[in-house]
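# A look at the structure
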Amino acid sequence: MPSTLCRLPFPSRLHHTMHEVVADEVVTDEATCLQKLNNAKETYGPYSLEVSLALGKLCDFYKKIGESANVESVLQQMLMLDERTAGRTHSDTIATSFSLTDVYIQREKLTESLSLLERVVESSRKLEANTNSEIRVLHQTKMDVVRLMLYHLGLEFRNRNYHDGAVDLLERAFEDFSRALEDTHTTTIAISKVLSFSYLQQFYQQPLRNDRPRYQCVVKLAQLCERILKVERSPIWVLGLMCLRSNDAVNASFAFKQPTNSGSCDVCKERIKLYTRWLACKSCLFVFVCDDCYLKWMARTEQDKPITTTCAGHSFYILGVGDSDQASNGGVENEEQARLWLRGLLDQKTKQATTVAFLDYWERLGKPEELREFRNPIYFLESDSLPAHVDEVKAKASPKQRLKWYKSWITHSVPILLGLFFASKGFSNAELPQWRLDETASDEDLQPALIEHAYAVLHVAGKPTALAVEVDMPRHEAEPVIHELYQKHRIATPGDTIRVLALLPGEGPTLKAKMFCVDLSSGPIYEALSYVWGGMEEDASYFLDIDSTIMEITPNLYHALQALRPRQSPRILWVDAVCINQNDNSDKETQICMMEKIYKTANHVAVYLGEPVTISATLFSFLNRDVHEENSAEKVVEGLGQDESGIRQLLEAFVHFCHLPWWNRIWVQQEYSLAQTNPTFHLGHSSIHVSALLRDWRVLQGEIATHLVPFAGDYKLDLDVQMSWQPVMRQILHVYGVLTLRSAHNRPEFPHLWLPRGVLKKVNLRCTNPRDRIYGMRSILDPVAQAVFTPNYSEPVGTAFHKLATWILAVDGWQQVFWWYPYRLSPNMPSWVPDFTKPIPEAAFLEYNLFDYGKLRKSSPCPLAIRGGVLAMEGYLLDSVNHVYAINQPNWPSTVRELWFLENIFAATPSAVLLRKAPPVFKALPMLHTRALVRKWISPTIKRDIESIVFELPPFNVFEKDDILKSTFNPFSNEIKAAFKSHISICESLVEQLRGLSREITLTTLQDRLPISIQIHEHMRIASAFMQICTRLSTLYLFLQESNHSATDLFGAALFDYPNLLDQVEHLRKSSLPCQYTKSQISVVSIKLRNLKGSAENGSAPDWIPNNESGVVAQIQPCYELLQHHITACEHEEEVQMRVRLILSYANAIRAFPDSAKTRSSTAHDSYHQYRDQQIVDRDALMKTIAEDNDRQETLRQMIFDESRQYFESVAAQFPDDEDVSAMLARYQTVLEEGQTASETLKITTETATTKLEDGKPDILANNMFHHSEKGFHRESYEHATSLSGRTFFSTEFGLVGMGCQGVSGIRVGDKVVVLKNTEFPMVVREMKDKGYHEIVGYAIIRGFAYEEFEKLGRFEKPLRQAFYFR
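So, how was this worked out
Residues numbered from 1 in each chain as written. Predicted model: local features only at pLDDT ≥ 70, side-chain atom pairs only at ≥ 80, totals over all residues. Heavy atoms only, no water. Helix = DSSP H or I, 4+ residues; strand = E, 2+ residues; numbered from the N terminus. Buried < 20%, exposed > 50% of the residue type's maximum accessible area, 1.4 Å probe, protein only. Areas by Shrake-Rupley, 256 points an atom, 1.4 Å probe, with all protein chains shown as cover. Bend = angle between axes of the 7 residues up to and from the residue. Salt bridge = Lys/Arg side-chain N within 4 Å of Asp/Glu carboxyl O. Arc of directions from axis to C-beta. Contact = heavy atoms within 4.5 Å. Core = buried A, V, L, I, M, F, W, Y, C linked by side-chain atoms within 4.5 Å. Phe/Tyr/Trp six-rings, centres within 6.5 Å; stacked < 30°, edge-to-face > 60°. Pairing = 2+ DSSP bridges. Axes fitted to C-alpha atoms, helices over the stretch in contact; angles between N-to-C directions. Parallel < 35°, antiparallel > 145°, perpendicular 65-115°, else oblique. Left-handed = near helix turned anticlockwise from the far one by under 90°. Lys, Arg positive; Asp, Glu negative; His and termini not counted. pLDDT = per-residue confidence, 0-100.

### A word on the overall build of the protein chain
- Scanning the protein chain from terminus to terminus reveals 50 helices and 22 strands.
- Counting the 1367 residues in the protein chain, one finds 57% classified as buried.
- With the model as given, the accessible surface of the protein chain reaches about 57,800 Å², and the carbon-plus-sulfur share is 51%.

Structural data, given as structure tokens:
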């Protein structure tokens, strides 16, 4: 047998508690116990300590008579009572939990015992993880017992052959002891030996057909051996047995050559000698035979006699080293060699374990066929601001990169992918034309062939069979005179001829012009006008006289022509609304195809932005100034900064300029970028050149960020914008992208780098006709895309969008389109056809930062193909949704309430049992189960460390928390300080009285002085008690001030979970610290504490946050263990109850605050420096008070000591044999020693509190949040309100936590979470009634998921690679 298992001592009780029965009250019958219990409940109440005592007596009675069922019932009642009166982490509660666990084990209720222990461990670890060192020290004893209980329960599980549960518990015990004592401690080593044999038992327990747990056992034991290798090698012997059972003779041989052996012969009972031959039974666990017994058995005369009584008919492994081996090997004692062997074994077995786990997971899926891997070596470079990277792209890739992409992708990859995905569904290469491209063909010759092949891809993809119901543009029949005008100026040669206007000079409201046709090949002189059409006005009409024909035009065009009308000679203009017959689709389609040529041929492009506003003049004056080297833009802004109103006006004018409708018109991209000369921007009759804008852009943009973005820059958050800062900054970046697009587009390589996604990502572009989402970007695309997307305004929108989605997915490989356009076009259309008129909401750019906006990166498409309206994509099934939490509240406060509860739900981590069943990817990516707060993992743009989501509600901010806390804390603290000073004053009076007495060495004088001296020390002890209470209150204050966790967030609990909070704290009675004072002293203190009352009013605001119990709120009841622990961290019952009243008073003040906030001044704070300064002042004042009070008491104590010491020493010398005198002096000496102990304890307590207060000051001074204004906090709250309202959160079967991306709200239970190849975000998909197909729900953010880390995993660490088919 292996060496005796080391069983650590385990105390049945943590310490003596009030549950224990007083010795002189022996209970002999059940009726008496029950009567005492009922009397206690009636007399003292159901939550009194007397009830706890009565339950303890009843429990002991049932133990005595052996009724375990009744013992279990009473212990359950005691546990519920302890949780109410002491809290979950109190030593009494833990002791009761362990007692109940023992009973569960005795009654073989191992599941219940494990569940109870899990709860104890979870509560204890919350305290262990607390950053407060004092809490950790106070809780160390409890954690030691928790570790012992883990070990104890692990042994019980193992003894009952529950080996999986035993291993889980012993692993946790080992890790806990390792963290507390290190791997090399003797206790940790002892547990490691027990754990190694538990691994072996678990290994032998597994059936032969299931190798997954076996490999995991080998891997875990090898890791354990590696950790303790320096001091212990016996588990390597157990590892050798596992290798032997796995038919791994090589590794088993190495393991058995280690200089250790844990085996004993089961025949002779002697220890097996090192480096000798021995045998192990192949059927029996832990049956070994030494070489001597084996030889004797081989020489037996009775052939039927088995070698052992239990191994009849069994076969044996022959192990160890032979004589020929001993000289050369003699055991492997070199530690480094053993470590290298363990590392190699770990690598080997980990791969095997992962492979087997993958196959086990594959079996549970029903053995689907794994998709063959498709490797695409072709990629292209892209960026969300590509114009800024043209030179970099050119340096890294061929200028003709796009044509090479088409050639490789369309002619090579598309046929392979179609066969890969659709061969099983009837696809054959006969559906495609013979694609043979001449490798030596020029780009001009290559383009026609590529266009033909692109059309073939679209043909294979199919057309929609059921189109979306669409409301198209209203069509108005042209008036006859207008029709005659266009007939008169009919285009003679489509493709070369255009109409232009000669805008005649003049003044006044009447505009006149002449129309004529020009041939672009003849080099005509004209200007192209770029403007926003706008709509017609109901109460006013605007007209243009063309060749005496009156045409109604839009107000925007009218104002543009007024601004551009010359004073003397006519001005030749091309204006799309007039020069194209808008009532003739054929004319529109022809002219739109010529758009690139029209703008490139124009001598100049005039941009009309609209009519000016008052502040526009400030910006135009700034941009049109005389610029000299010494008068740079930075210096001008710096000069304006001397007048804050001036710079604000400039920046507000700049923001208004960037939000003019022209910048968001989709046609702008090509109209502006195709201009051959610098366009001129007109705002009314003012104008600027683009060079002036580009010159000062960076400076203005930087100043905007400083004055607009919360928690950034110089804290000048003073721009008056009635919107989120995210869309403002995005719009500014968008405008800059428009301005730089022209310089990039004029480069010959640019058209081959720019993709349709480049325009589609500009989600703030607008158009009137849905088809213009396609045609409005056509002129800046590559020639192949231009040929495919020929304007066709008679084509249904559904068909046009279907073709665009096919192109973007099957040709461009842009699977992220579903993030940018999350809304489905129609239930009648395939789920993979987005509505390109409904991009992501503005707030989605909070998540877009995950894409590293603006950076240049390689782009590789997800392997996909489209055939017959079905989209097939390569991906991995991650998990299935099992809970959905929809945040569909009508306002931000209600949303905050839901999110607060959600964070408590998501704080839990999956159990070990659940993770054991999970696919390998969950073990390979442990970050998937992090406990990050919701606001941390959904948005990387948070600039401040938000203590609680409650502080994003308008009435609150993190600084006003201190005001509320102080207003609650100070009344309690001041009363206790007054009591302390009162008793110190009494002491001082008694000292004066003592000094007035005679110092003669007589019995009479002694009898006069001794009672006064004892009274002085009694009052000193009481004063010390009050001072310690006050000091402990300061610790509670710091905890409430610094708590930064959803489980201890008292603000959220008070506002959203008040009934549950009240239920968990109002009955607390038991203190957790040992009491240092006598009953009489406690009695005096208790009278004072009992009279301390807080606010009895329950502040509430029912109209502000509706107290509904639906949705997320109904799915969790938070537990406030840390708060309970801090409340009970004191010395006696009355102090606990006083602290409960303080906490509830604080909670009531929080609940009343929203109402009182309505009466506050409406003036917003420019900054919160006064709060920072006040916090420092408060800390300094508190430290000063503690020091002064401590010094005063210490001075008084020393004075008393000096006053009495010499006198009583003289008395003792004078009456050495007098028993009465000796008794009086002994009594005084006892009082003196108690006072000295109390003084030392008080000194430690005050020093600890002072150190905490001092250590917190640097963090307060370094906190930049104090620099910001109230507007900054409200603006960031607005960001999160916009981002989180209406979102859908979910959790999955194996514990993933996620949230649907913006626009994704239809997530349901049963949906699947998949990871698509080369895709940043996982996607939620839904299985259709036809089980082979899915529909796209949308992308999601998964907490802790990073595609880069996922992609690094090995084949068997990832889920099964599958094909997902979408309709």
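Having seen the model, we can carry on.
### Structural notes on helix α27 (residues 690-708)
- At Trp697, α27 shows its largest kink, close to 50°.
- Regarding α27, the residues found buried are Val690, Ala692, Leu693, Asp696, Trp697, Val699, Leu700, Gln701, Ile704, Thr706, His707 and Leu708.

### Things to note about the pattern of salt bridges
- Under the defined criterion, the tally for this structure stands at 30 salt bridges.
- For Asp587, the salt bridge identified is with Arg499, shortest N-O distance 3.1 Å. Remark: Arg499 occurs in strand β5 (residues 497-503) and Asp587 occurs in helix α21 (residues 585-593); sequence separation between them is 88 residues. Taken individually, Asp587 and Arg499 each receive the classification buried, so the pair is uniform in this respect.
- Put simply, Lys1331 and Glu1327 hold a salt bridge, and the shortest N to O gap is 4.0 Å.
- Owing to a relative accessible area of 59%, Lys1331 belongs among the exposed residues under this scheme.

### Considering unusual backbone geometry
- The backbone phi angle of Lys269 is positive, close to 65°, even though this residue is not glycine.
- Tracing the backbone shows Lys269 in the loop between α11 (249-256) and β1 (278-281).
- Even without glycine at this site, Asp547 takes up a positive phi of about 50°.
- Relative to the helices and strands, Asp547 is located in the loop between β8 (542-546) and β9 (549-553).

### A word on helix α18 (residues 480-488)
- Along α18, the residues that are buried comprise Ile482, Leu485 and Tyr486. Within α18, the buried residues cover an arc of 90° as seen down the axis, which keeps them to one side. Residues Pro480, Glu484 and Lys488 are exposed on α18 and point more than 90 degrees away from its buried face.
- For α18, the secondary structure elements touched by its buried residues are β5, β6 (512-519), β8, β9 and α20 (576-579).

### Some details on the nonpolar core
- Among the nonpolar cores identified, the biggest contains 269 residues, and Val578, Phe681 and Phe1289 are the most heavily contacted of them.
- Broken down by element, the residue count for this core peaks at 16 residues, all from helix α40 (residues 1003-1042).
- The contact partners of Val578, leaving out residues within four places of it in the chain, are Tyr486, Leu501, Met515, Leu544, Ile546, Met551, Ile553 and Leu557.
- Listed in part, the 57 residues of the second largest apolar core include Ile236, Leu239, Phe256 and Leu342.

### Overview of the packing of aromatic side chains
- Summed over the entire model, instances satisfying the criterion amount to 28 aromatic pairs.
- Taken together, a centroid distance of 6.2 Å and an interplanar angle of 75° make the contact between Phe620 and Phe657 edge-to-face. Here Phe620, found in helix α23 (residues 616-623), pairs with Phe657, found in helix α25 (residues 644-658); they are 37 residues apart in sequence, far enough to count as distant.
- When the centroid spacing of 6.2 Å and the interplanar angle of 75° are considered together, the rings of Phe1051 and Tyr1146 count as edge-to-face. Here the residue Phe1051 occupies a position in helix α41 (residues 1050-1056), and Tyr1146 occupies one in helix α45 (residues 1133-1157), the gap between them amounting to 95 residues. Here Phe1051 and Tyr1146 have matching classes, each one buried.

### Here's the deal with the sheet that holds strand β12 (residues 680-683)
- Pairing is mixed in the open sheet, where nine strands are placed in the order β9-β8-β6-β5-β10-β7-β11-β12-β13. Edge positions in the sheet fall to β9 and β13 (686-689), since each has one partner strand and no second. Taking the axes of each pair of neighbouring strands and ignoring which way they run, one obtains an average angle of 35° across the sheet.
- Where β6 lies against β8, two bridges are found, and the strand directions are parallel. The residue of β8 that forms the bridge with Lys512 is Asp545.
- Lying on the sheet, α27 is in contact with β12 and β13; it crosses β13 at an angle near 65°.

### Focus on the sheet that holds strand β3 (residues 316-319)
- Spatially, the three strands line up as an open sheet ordered β2-β1-β3, and their pairing is antiparallel. The sheet terminates laterally at β2 (288-290) and β3, the two strands that pair on one side only. The sheet shows a mean angle of 25° between the axes of neighbouring strands, taken without regard to direction.
- Where β1 meets β3, four bridges bridge the pair, whose relative direction is antiparallel. What sits directly across from Ala280, in β3, is Tyr317.

### Quick word on the pairing of β6
- Bridge analysis of β5 against β6 gives seven bridges, and the strand direction is antiparallel. Within β6, the residue paired with Leu501 across the bridge is Met515.

### Overview of the packing of α40 against helix α44 (residues 1121-1128)
- Put simply, α40 and α44 touch, their axes get as near as 10 Å, and they point 165° apart. For the element pair α40 / α44, the angle class is roughly antiparallel. Regarding α40 and α44, the two cross each other, and that crossing is left-handed. From α40, Leu1036, Phe1039 and Leu1040 reach across to α44, where they touch Leu1122, Leu1123 and His1126.

### Considering the environment of Leu1062
- Relative to the elements of secondary structure, Leu1062 occurs in helix α42 (residues 1058-1065).
- Between the alpha carbons of Leu1062 and Leu1144 there is a distance of 7.5 Å; along the sequence they are 82 residues apart.

### Regarding the packing of α40 against helix α43 (residues 1079-1090)
- With their axes 10 Å apart at the nearest point, α40 and α43 run at an angle of 45° to one another. Accordingly, the angle class assigned to the pair α40 and α43 is oblique. Between α40 and α43 lies a crossing whose hand is right-handed. Packed against α40, whose contacting residues are Glu1018, Arg1021, Ile1022, Ala1025, Phe1026 and Ile1029, the element α43 presents Ser1080, Gln1081, Val1084, Val1085, Lys1088 and Leu1089 at the interface.

### Examining the environment of Ala800
- Within the element layout of this structure, Ala800 appears in helix α32 (residues 797-811).
- When the C-alpha atoms of Ala800 and Ile774 are compared, they prove to be 8.2 Å apart, with 26 residues separating the residues in sequence.
- In contact with Ala800, other than residues within four places in its own chain, are Ile774 and Glu795.

### Some thoughts on the pairing of strand β19 (residues 1312-1316)
- A large share of β19 lies buried, amounting to five of its five residues.
- Alternating positions in β19 separate into two faces, Lys1312, Val1314 and Leu1316 on one and Val1313 and Val1315 on the other, with burial throughout.
- When strand β16 (residues 870-886) meets β19, the two strands line up antiparallel, connected through five bridges. Pairing of Gly875 across the sheet is with Leu1316, part of β19.
- The loop that links β19 with its antiparallel partner strand β20 (residues 1323-1327) comprises six residues; one of these, Asn1318, has a positive phi angle of about 60°.

### Regarding the side chain of Asp547
- Of the buried charged residues, Asp547 lacks a salt bridge, with Lys488 as the closest side chain of opposite charge at 4.3 Å.
- Excluding residues within four positions of it along the chain, Asp547 makes contact with Leu485, Lys488, His489, Ala513, Lys514 and Met515.

### Quick notes on the side chain of Ser1291
- Along the chain, the position of Ser1291 falls in strand β17 (residues 1288-1292).
- We classify Ser1291 as buried; its relative accessible area is 10%.
- If near-sequence neighbours (up to four positions away) are discounted, Ser1291 is found in contact with Val881, Asn882, His883, Tyr885 and Leu1296.

### Observations concerning the confidence of the model for the protein chain
- Confidence in the prediction for the protein chain averages 75 pLDDT; 73% of positions are at 70 or higher.
- Low pLDDT, under 50, characterises residues 322-331; the predicted model gives this stretch seven contacts beyond four residues in sequence or across chains.
- Between residues 1097-1104, whose pLDDT stays under 50, and residues either more than four places distant or in other chains, the model counts 18 contacts.

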